[in-house]
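Chain residues, written in single-letter form:
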Amino acid sequence: MLTIIGCGNLNRSDDAVGVIIAQRLQQYLAQNPHPHVQVYDCGTAGMEVMFQARGSEELIIIDASSTGSEPGAVFQVPGQELEALPEPSYNLHDFRWDHALAAGRKIFNQDFPQQVTVYLIEAANLNLGLELSPVVRNSADLVFQQLVSKLNH
């Protein structure tokens, strides 16, 4: 099973890019079913990422990044490079998808995907807003097409 998870906040402009790509993939799969692919919009719920990924062989996470790189830059990173155990906290809002990767592997062991890829798209605008910036929208289209191509091979 391949699980694809989009993360982000729909109310913060380019931060929504992972969610928007996941929603587009869900629409694509409704028209072109793939029985061994599941797509989730996990928004900002890191804990949900951990549970949705459980039992899959391969996991792809899509999210925005804010590293100071060129807006619209797409980074494809092995998940193991981004795993991070969370600092102790009583607030689940502090539990992000990078924490979910480390915790899921620790909790679920072999029932957690061994092959994890993260697509990060550098944001141009993280202010309140409902639209992607043009450069990030273009990168979202490229990542969407790359993932559709993967599904069809």
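One numbering rule holds for all chains: residues counted from 1, following each sequence as written. Local features in this predicted model are restricted to residues whose pLDDT is 70 or higher, and side-chain atom pairs enter the listing and the counts only when it is 80 or higher, whereas totals over whole chains, interfaces and linings include all residues. Side-chain descriptors were evaluated using all non-hydrogen atoms of the structure, hydrogens and water having been removed beforehand.

The protein is annotated in an unreviewed UniProt entry as Hydrogenase maturation protease from Anabaenopsis elenkinii CCIBt3563.

**Student:** I'd like to hear about the packing of aromatic side chains, residue by residue, with values.
**Tutor:** Here is the rule: rings of Phe, Tyr and Trp (six-membered ring for Trp) pair when centre to centre is within 6.5 Å. Planes less than 30 degrees apart are stacked, more than 60 are edge-to-face, and the remainder are tilted. The tally for this structure, following the rule as stated, stands at three aromatic pairs. Ring pairs connect the aromatic residues Phe 51, Phe 108 and Phe 112, which therefore count as one cluster. By definition here, charges over rings are those cases where NZ of Lys or CZ of Arg is within 6 Å of the ring centre and within 35 degrees of the ring normal. Between Arg 24 and the ring centre of Phe 144, over which it is positioned, the NZ or CZ distance is 4.0 Å.

**Student:** Report on the sheet that holds strand β2 (residues 37-43), specifying residues and quantitative values.
**Tutor:** If you walk across this open sheet you meet the five strands as β2-β1-β3-β5-β4, and the pairing is mixed. Strand pairing shows two members of the sheet lacking a second neighbour, β2 and β4 (74-78), which therefore form its edges. If you compare each strand with its neighbour and ignore which way they point, the axes differ by 20° on average. Being paired, for any two strands, means DSSP has found at least two bridges between them. Labels follow the DSSP assignment, with helices taken as runs of H or I lasting at least four residues and strands as runs of E lasting at least two, numbered in each case from the N terminus. Two strands pair when backbone bridges link them, and β4 and strand β5 (residues 115-122) are joined in this way by five bridges, in the antiparallel orientation. Paired with Phe 75 across the bridge in β5 is Leu 120. On top of the sheet, helix α4 (residues 134-151) reaches β1 (2-7), β2, β3 (58-65), β4 and β5; it is set at about 160° to β5, its chief contact. Orientation is described by lines fitted to C-alpha atoms, with helices fitted over the stretch in contact, and by angles between N-to-C directions that extend from 0 to 180 degrees. Contacts are assigned to residue pairs that have any heavy atoms within 4.5 Å of one another.

**Student:** I'd like to hear about the packing of helix α2 (residues 46-53) against helix α3 (residues 97-108), residue by residue, with values.
**Tutor:** Where α2 contacts α3, the two axes come as close as 8 Å, and the packing angle between them is 40°. By the criterion of interaxial angle, the relationship of α2 to α3 is oblique. When the axes of α2 and α3 are compared, the crossing they make is right-handed. Taking contact as the criterion, the partners of Gly 46, Val 49, Met 50 and Phe 51 in α2 are, on α3, Trp 97, Ala 100, Ala 103, Gly 104, Ile 107 and Phe 108. Residue type decides the class: Asp, Glu, Lys and Arg count as charged, Ala, Val, Leu, Ile, Met, Phe, Trp, Tyr, Cys and Pro as nonpolar, and the leftover types, Gly among them, as polar. In terms of residue class, the contact of α2 with α3 is built from eight nonpolar, two polar and no charged. Orientation is classified from the angle alone, with under 35 degrees giving roughly parallel, over 145 giving roughly antiparallel, 65 to 115 giving roughly perpendicular, and any other angle giving oblique. Two helices crossing with the near one rotated counterclockwise from the far one by less than a right angle form a left-handed crossing, whereas a clockwise rotation gives a right-handed crossing.

**Student:** Pulling in residues and values, what's your account of the packing of helix α1 (residues 17-31) against α4?
**Tutor:** The N-to-C vectors of α1 and α4 enclose an angle of 40°; their axes lie 10 Å apart at closest approach. By the angle class used here, α1 and α4 are oblique. Between α1 and α4 lies a crossing of right-handed hand. Residues Val 17, Ile 21, Arg 24, Leu 25, Tyr 28 and Leu 29 of α1 form the contact with α4, whose own contacting residues are Val 136, Ala 140, Asp 141, Val 143, Phe 144, Leu 147, Val 148 and Leu 151. Residue composition of the contact of α1 with α4, grouped by class: 12 nonpolar, no polar and two charged.

**Student:** I'd like a rundown of the environment of Val 49, residues and numbers included.
**Tutor:** Mapped onto the elements of the fold, Val 49 is located in helix α2. Along the backbone, Val 49 and Trp 97 are 48 residues apart, and their C-alpha atoms lie at a distance of 6.1 Å. Residue contacts for Val 49: discarding those within four places in its chain leaves Ile 5, Cys 7, Cys 42, Ile 61, Trp 97 and Ala 100.

**Student:** Run through α1, naming residues and quoting values.
**Tutor:** For an α-helix the count is 3.6 residues per turn, leaving residues at separations of three or four pointing the same way. A helix is expected to reach a length of 1.5 Å times the quantity of its residues less one. Spanning 15 residues, α1 covers 22 Å between terminal C-alpha atoms, matching the ideal 21 Å at 1.5 Å per step. Any residue under 20% of the maximum accessible area for its type is buried, any over 50% is exposed, and the rest in between are partly exposed; the area is computed with a 1.4 Å probe on protein chains only. All of the buried residues along α1 are Val 17, Gly 18, Val 19, Ile 21, Ala 22, Leu 25, Tyr 28 and Leu 29. On its buried face, α1 is in contact with β1, β2, β3, β5 and α4.

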